[in-house]
Amino acid sequence: MIVTGKVSLLATAIDMRWRLLTIGLVAVVVSVAYEWLNKTEISIQITPITALGVAIGLFLGFRCTVVWNRYWEARTLWGRLINASRTLARQLATLLQSDDPTVSADFYREMLRWHQAYVHAFRAHLRDDDPLKEASPYFPEAMTREMKTAVNLPAAILHRMGERLHDAWGKGMLTEFRLLPLDETMTEITEIQGGCERIKNTPIPPAFTYVSHRMMQAYCCLIPFGLVSDLRWFTPAVTLLISFAFLTLDQISDLIEQPFSTADNDLPLDAMTRTIDIDLLQRMGSEKVPPPMEPVDGVLL
């Protein structure tokens, strides 16, 4: 995620260079035909082009809104995960009871380590990395072998945490009354995972994106035909300026369509995972607490 608030217009133009070059070439050809070849009949009224631009602007605005809603929902879900992680740590610290404080303390640390494993596995799961590789440092080697067969490792870890809470209830460390809020927190985490998986596995229909790109390109190539009679040799420059504004909005919707990947504009899952790690390690009294992640070149991953 870009956190500096500064976006390079030059870099944006470079990303769209082939589309801009095509539009610029069409504008130059139209200007040359109108001025040098006296092909004045290629000029058309600007009114229908303006009306078409309004329609395309509405379509583009709708697409940007849909994409932004996906992005913001993904960010909201991860914000809920951070809060649910803190809630889980607090509930475990205050609701566990045992005649032997060492037993409850060991179980408390074990559950928080399992939750660390879950968060790292969940991040890797959303980014199509190896969840087992990311999670294995946080649970015993024997469990690593057992988890190799899990198709959905984050869900398997949550299931294991639920089993451990049931074991704690059977050993008297949790009453049914105290087990209930812990189960509700685990259910909330499951719902968060389901929401993120829905966003990841349900992209915007490719046909919608294809039509948007082609319609935008065709409209931008049509602009010089409406401007050439008034602007003459300035037509290519003004066409590129108008096209750059439209294409930039189109490009933005592409950049944030998949919020869980590792592009500059995507969500900083690494940083949010680090935030959860810091909270849990401090609750465990660890002396090796990593610092919050800092942006690199204005980008936080």
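Scroll up for the structure.
In this report, we go over the structure that sits alongside the text. The residue count restarts for each chain, going from 1 along the sequence in the order it is written. Two thresholds apply to this predicted model, a pLDDT of at least 70 for residue-level local features and 80 or more for giving and counting side-chain atom pairs, whereas whole-chain, interface and lining totals are computed over all residues. Side-chain calculation: all heavy atoms of the structure are included, whereas hydrogens and water are not.

1. Quick notes on helix α4 (residues 101-126)
The condition is simple: Where helices and strands are cited, they refer to DSSP runs of H or I of at least four residues and of E of at least two residues respectively, numbered from the N terminus. Given a helix with a known number of residues, its expected span is that number minus one, times 1.5 Å.
End to end, α4 covers 38 Å across 26 residues, agreeing with the expected 38 Å (1.5 Å per residue, within 8%). Looking at the residues trailing α4, positive phi occurs at Asp128, about 60°.

2. So, unusual backbone geometry
This is how the line gets drawn: Note on classification: 1.4 Å probe, protein chains only; a residue is buried when its accessible area is under 20% of the maximum for its type, exposed when over 50%, partly exposed between these limits.
Despite not being glycine, Asp128 shows a phi value in the positive range, around 60°. Here Asp128 shows up in the loop between α4 and α5 (131-135). Residue classification places Asp128 among the exposed positions, given a relative accessible area of 60%.

3. Quick word on the environment of Met111
Where we set the bar: Residues are treated as being in contact if the distance between any of their heavy atoms lies within 4.5 Å.
For Met111, the position within the fold is in helix α4. Taking the C-alpha atoms as reference points, Met111 and Val29, separated by 82 residues in sequence, lie 68 Å from one another. Every residue in contact with Met111, bar those within four places of it in the chain, is listed here: Leu92, Met161, Arg164 and Leu165.

4. Some thoughts on the side chain of Arg127
Residue position: Arg127 is located in the loop between α4 and α5. By relative accessible area, which is 12% here, Arg127 ends up buried. In this view, Arg127 contacts Phe260, Ser261, Thr262, Leu267, Pro268, Leu269, Asp270 and Leu301; residues no more than four positions away in its chain are not counted.

5. Here we look at the pattern of salt bridges
Definition in use: Note on definitions: salt bridges are taken to be side-chain nitrogens of Lys or Arg within 4 Å of carboxyl oxygens of Asp or Glu.
Going through the model one piece at a time under the given rule, you end up with 12 salt bridges. With a closest N to O distance of 3.6 Å, Glu188 and Arg80 form a salt bridge. You can see Glu188 sitting in helix α8 (residues 176-201) and its partner Arg80 sitting in helix α3 (residues 46-95), a full 108 residues away along the chain. Look at Glu188 and you get partly exposed, because its relative accessible area is 28%. We note a salt bridge from Arg109 to Asp106, for which the minimum N-O separation is 2.6 Å.

6. Here we look at the nonpolar core
What counts, and what does not: We call a set of buried residues a nonpolar core when its members are Ala, Val, Leu, Ile, Met, Phe, Trp, Tyr or Cys and they connect through side-chain atoms within 4.5 Å of each other.
One finds Trp78, Leu92, Phe139, Ile157 and Phe260 to be the most contacted residues of the largest nonpolar core, which totals 54 residues. At the level of elements, α3, α4, α5, α6 (141-147), α7 (153-170), α8 and α11 (269-283) are the ones that each hand at least two residues to this core. Ranked by residues supplied to this core, first place goes to α3 with 12 residues. Once residues within four sequence positions are removed from consideration, Ile157 is found in contact with Trp114, Ala117, Tyr118, Ala121, Ala135, Phe139 and Met147. If you look at the next biggest cluster of nonpolar residues, it comprises 15 residues, including Ile56, Leu60, Cys64 and Cys221.

7. Points about the packing of α7 against α8
Spelled out, the test is: Axes, fitted as lines to C-alpha atoms, cover a helix only where it is in contact. Angles between the N-to-C directions of the axes lie from 0 to 180 degrees. Here roughly perpendicular refers to angles of 65 to 115 degrees, roughly parallel to angles under 35, roughly antiparallel to angles over 145, and oblique to all remaining angles. Residues are grouped as follows: Ala, Val, Leu, Ile, Met, Phe, Trp, Tyr, Cys and Pro are nonpolar; Asp, Glu, Lys and Arg are charged; every other residue, Gly included, is polar.
At their nearest, the axes of α7 and α8 sit 11 Å apart, and the two run at 180° to each other. Considering their axes alone, α7 and α8 lie roughly antiparallel with respect to each other. Here Pro154, Ala155, Leu158, Met161, Gly162, Leu165 and Trp169 of α7 come into contact with α8, specifically with Glu176, Leu179, Leu182, Met186, Ile189, Thr190 and Gln193. Classifying every residue of the contact of α7 with α8 by side-chain character gives 10 nonpolar, three polar and one charged.

8. A look at α7
To be explicit about the condition: This arc is taken over the directions from the axis of the helix to the C-beta atoms. Two N or O atoms form a polar contact when they lie within 3.5 Å of each other; inside protein one atom must be a possible hydrogen donor and the other a possible acceptor, and for residues adjacent in sequence the pair counts only when both atoms belong to side chains.
The end-to-end C-alpha separation of α7 is 26 Å, in line with the 26 Å expected for 18 residues at 1.5 Å each. Taken together, the buried positions of α7 are Leu153, Pro154, Ile157, Leu158, Met161, Arg164, Leu165 and Ala168. All buried residues of α7 project into a common sector of 145° when viewed along the axis, lining one side. For α7, the exposed residues lying more than 90 degrees away from the buried face are His159 and Gly170. The inward-facing, buried residues of α7 contact α3, α4, α5, α6 and α8. Its side-chain oxygen placed 3.1 Å from the backbone nitrogen of Ala155, Asn152 serves as the N-cap of α7. Within two residues after α7, Gly172 carries a phi angle of roughly 85°, on the positive side.

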